[in-house]
Amino acid sequence: MTHDLQITGLTKSFGPNRVLHGIDLAIGEGEVVGLMGPNGAGKSTLIKILAGVHRADGGAIRFGGSPVADLASRGDVGFIHQDLGLVDELSIVDNLRLGEAPMRRLGPLLDHRRERAEAAAALERVALDCRPETLVGDLSSGEKTLVAVARMLARGARLLIVDEATSTLPPRDALRLVDALKRTAQEEGATVIMVSHKLSEILRVTDRVVVLLDGRLVADQTAVGLDHDALVRLLVAHEAEAADRDAAPVTAPPGEELLRLEAACAGRAGPVDLQVRAGEIVGLTGLPGSGLHDVAFLAHGALRPRSGAVVRAPGAASALVPPYRERQGGFDDHAVRDNLTISALERWRAPWRLLRGGHERRDAAAMVGRLSVHPADPDRHYGELSGGNKQKVVFGRALFRDPRVYVLCEPTRGVDVPTRREIYRLIGELRDGGAAVLVVSSDFEDLLSVADRMAVVDDGRVGPFRVPSDLSDTDLEAFI
Ligand SMILES: Nc1ncnc2c1ncn2[C@@H]1O[C@H](COP(=O)(O)OP(=O)(O)OP(=O)(O)O)[C@@H](O)[C@H]1O
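Quantities reported herein were computed from a predicted structural model and do not represent experimental measurements. (Residues numbered from 1 in each chain as written. Predicted model: local features only at pLDDT ≥ 70, side-chain atom pairs only at ≥ 80, totals over all residues. Heavy atoms only, no water.)

Attention now goes to the pairing of strand β16 (residues 405-409). Among the 5 residues that make up β16, 5 are buried, leaving the element largely enclosed by the rest of the structure. Burial along β16 is two-sided: the face carrying V405, V407 and C409 and the face carrying Y406 and L408 are both buried. Sheet analysis places strand β15 (residues 318-321) next to β16, joined by 4 bridges and oriented parallel. Following the sheet pairing, L320 is matched in β16 by V407. (Buried < 20%, exposed > 50% of the residue type's maximum accessible area, 1.4 Å probe, protein only. Helix = DSSP H or I, 4+ residues; strand = E, 2+ residues; numbered from the N terminus. Pairing = 2+ DSSP bridges.)

Shown next as structure tokens:
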């Protein structure tokens, strides 16, 4: 059978909220299609309908010419989400075989040799140079994603649907993954649908770009000849502004020191020496496992130093945007408003400890507007927001605390292009308002856009600082 996918007139509402307005999309065998669009556009909802998590209200899905309700539990379709469904404590070969009948030689004798040989062949298909006996827990996040892809391919997947799997990966791992997907399409004729906000990935590997906006398909065009600016225009539907890298000029020299780490050690970080002054944005980048986020937790005070010291100027409070909004982000069953204001309730306290509910509501609504949270309804449950919109709420919560020190981990993870710019602008505003800002991001493009000086964290230590505008293309390649 063929493995082309045809979606016609697909609709979906959550309560009164229509999220997909009749999507028509046909994807041919062997195509690599980038599915893009702003936060809350309906991309994940579409993928979740294909995966059988949600049921469409109307429309039809045909796969290989036959009508299907969804593509769940089909061997020839593989879904890759951020949760890869791998078991860290098992080897690669055991993970590849998980849920399958063991290979046997004769009677009860197991054929481990054949299992290993097949695992090695599966790893070769995704260009992962690891021994099949390696424990999955010892792999980097990118390597784990490649194992998940290898498992799908080994089970006969011909259509791979990849939903923001690269947003938590460092650049080098993200490139390995998208290149592996491209190769399976080119060499094996597999079809790939890839949801991503990362323009460079989309431009690197896709044949075609499809854009969703407010639940409607607003653009569907070949990626051939598409460059960065044209893609941005397609996404933001207006003239591309100056390249992100040119943003945020330094306005005033930094002032007093607000945060200092002195040979501080905690978790995987240390010893770290670092100063951040008022009116300055300091950027740190690094690979997962480098201790990057532990430096952030130390700086914020979420990790106590086991040796050395973390010193903040008297009265200088700190706010943290944590790196993993799924686990550390917010309270799913509470309103967006509560999630925004919870860490700063003192702002709205009246005498006798009463909360000025009206002021709180008004300010939360203004923050929802300022960060373009979609839908713009502070009473909506946080758990109902799309991933990128959750990220905006977590950012807004830090802004409400209005501290003098900000520690922002992965501040743009999963956010769309216009919001990424808005967040860069806000970070610039914090600096210009006299805050000390530490941006900790495995996406070094964040730092190129906002940081006044930046360094790489490796093996828990902070390397030499560089000014982003002084970095040559060779320096940038070294970052990737
Ligand atoms: N379980 C749910 N209940 C109610 N509304 C929901 C639910 N899931 C999604 N929505 C709403 O559907 C809309 C589309 O969300 P979806 O997650 O599909 O967006 P997205 O394009 O994937 O965004 P992002 O880029 O931020 O991940 C949003 O307005 C979201 O609030």
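A few words on helix α1 (residues 43-50). Residue pairs three or four apart in sequence face the same way in an α-helix, which turns once every 3.6 residues. With 6 of 8 residues buried, α1 is to be regarded as a mostly interior element. K43, T45, L46, I47, I49 and L50 are the residues of α1 that are buried. One or two residues past the end of α1 sits G52, with phi positive at roughly 80°.

Viewed as axis vectors pointing N to C, helix α4 (residues 141-154) and helix α5 (residues 171-188) meet at an angle of 20°, and their least axial separation amounts to 8 Å. Judged on the interaxial angle alone, α5 and α4 are roughly parallel. Crossing geometry of α4 relative to α5 is assigned as right-handed. Across the interface between the two elements, S141, G142, E143, T145, L146, V149 and L153 from α4 touch D173, R176, L177, A180, L181 and T184 from α5. A class-by-class count of the residues in the contact of α4 with α5 yields 6 nonpolar, 4 polar and 3 charged. (Axes fitted to C-alpha atoms, helices over the stretch in contact; angles between N-to-C directions. Parallel < 35°, antiparallel > 145°, perpendicular 65-115°, else oblique. Left-handed = near helix turned anticlockwise from the far one by under 90°. Contact = heavy atoms within 4.5 Å. Nonpolar A, V, L, I, M, F, W, Y, C, P; charged D, E, K, R; others polar.)

Okay, the pairing of strand β4 (residues 58-63) next. In terms of strand pairing, strand β1 (residues 5-14) meets β4 through 5 bridges, oriented antiparallel. Directly across from T8, in β4, lies its bridge partner A60. Relative to strand β5 (residues 66-68), β4 runs antiparallel, the two being bridged by 3 bridges. The residue of β5 that forms the bridge with F63 is S66.

Read across the open sheet, the 6 strands follow the order β15-β16-β17-β13-β18-β19; overall the sheet is mixed. Either end of the sheet is taken by a strand with one partner, and the two such strands are β15 and β19 (461-462). Bridging between strand β13 (residues 280-286) and strand β17 (residues 436-440) involves 5 bridges; their strand directions are parallel. In the sheet register, I281 faces β17, and the bridge partner there is V437. Strands β13, β15, β16, β17 and β18 (453-458) of the sheet are contacted by helix α8 (residues 292-300), whose axis makes an angle of about 160° with β16. Contacts between helix α12 (residues 387-401) and the sheet are confined to β15 and β16, with β15 contributing the most and set at about 180° to the helix.

Going through the model one piece at a time under the given rule, you end up with 1 aromatic pair. Ring centres of W348 and F400 lie 5.1 Å apart, and the angle between their planes is 80°; this geometry places the pair in the edge-to-face category. With W348 in the loop between α10 (336-341) and α11 (357-370) and F400 in helix α12, the pair connects residues that are 52 residues apart, well separated along the chain. Residues W348 and F400 agree in their burial class; the two are buried. If you follow R453 out to its NZ or CZ, it ends over the ring of F465, 4.5 Å from the centre. (Phe/Tyr/Trp six-rings, centres within 6.5 Å; stacked < 30°, edge-to-face > 60°. Lys NZ or Arg CZ within 6 Å of the ring centre and 35° of its normal.)

The next subject is the state of the cysteines. Per the counting criterion, the structure on display carries 0 disulfides. C265 takes part in no disulfide bond, and the closest cysteine sulfur, belonging to C409, lies 18 Å away. (Disulfide = S-S within 2.5 Å.)

Turning next to the domain arrangement of the chain. Domain annotation for the chain reports domain 1 (5-240) and domain 2 (245-479). Domain 1 and domain 2 are separated by 30 Å when their C-alpha centres are compared. Tallying the contact residues gives 21 residues for domain 1 and 21 residues for domain 2. For the pair domain 1 and domain 2, the two sides together bury roughly 1600 Å², of which 54% comes from carbon and sulfur. Ranking the residues of domain 1 by area buried against domain 2 places N39, P170 and P171 at the top, with a combined share of 30%. One can count 0 salt bridges joining domain 1 with domain 2. Where domain 1 meets domain 2, there are 4 residue pairs in polar contact (both at pLDDT 80 or more). (Domains from an automatic or database assignment. Buried area = accessible area lost by both parts, 1.4 Å probe. Salt bridge = Lys/Arg side-chain N within 4 Å of Asp/Glu carboxyl O. Polar contact = N/O pair within 3.5 Å; in protein donor to acceptor, adjacent residues only side chain to side chain.)

Moving on, we come to the sheet that holds β5. Two modes of strand pairing occur in sheets, parallel and antiparallel, and in both the strands are linked by backbone hydrogen bonds. Taken together, 4 strands build an open sheet; the order of strands is β2-β1-β4-β5 and the sheet is antiparallel. Two strands bound the open sheet, and with one partner strand each, they are β2 (17-27) and β5. Neighbour to neighbour, the strand axes of the sheet diverge by 30° on average, direction disregarded. Sheet strands in contact with α1 are β1, β2 and β4, and its direction is about 115° off that of β1.

What follows covers helix α3 (residues 112-125). Over its 14 residues, α3 runs 20 Å from end to end, which matches the ideal 20 Å to within 8%, given 1.5 Å per residue. Buried within α3 are the following residues: E115, A119, A122 and L123. Buried residues in α3, looked at end-on, bunch into an arc of 100°, giving them a common side. In α3, the exposed positions that point more than 90 degrees away from the buried face belong to R113 and E124. As for α3, its buried residues are in contact with α2 (92-97) and α4. (Expected span 1.5 Å × (residues − 1). Arc of directions from axis to C-beta.)

Another point: the site of the ligand. Neighbouring residues of the ligand: 20 residues in total, closest G40, S44, T45, E384 and S386. For the ligand, an oxygen atom lies 2.9 Å from a polar atom in the backbone of G42. Contact distances for the ligand include 2.8 Å between an oxygen atom and a backbone N or O atom of E384. Coverage of the ligand by the protein chains reaches 88% of its 640 Å² of free accessible surface. More than half of the atoms belonging to the ligand lie within 2 Å of the grid points that define the largest pocket. (Near = heavy atom within 4 Å. Areas by Shrake-Rupley, 256 points an atom, 1.4 Å probe, with all protein chains shown as cover. 1 Å grid on protein atoms, 1.4 Å probe; cavity = no way out; pocket = protein on both sides within 12 Å on 5 of 7 lines; lining within 4 Å. Sits in = over half its atoms within 2 Å of the grid points.)

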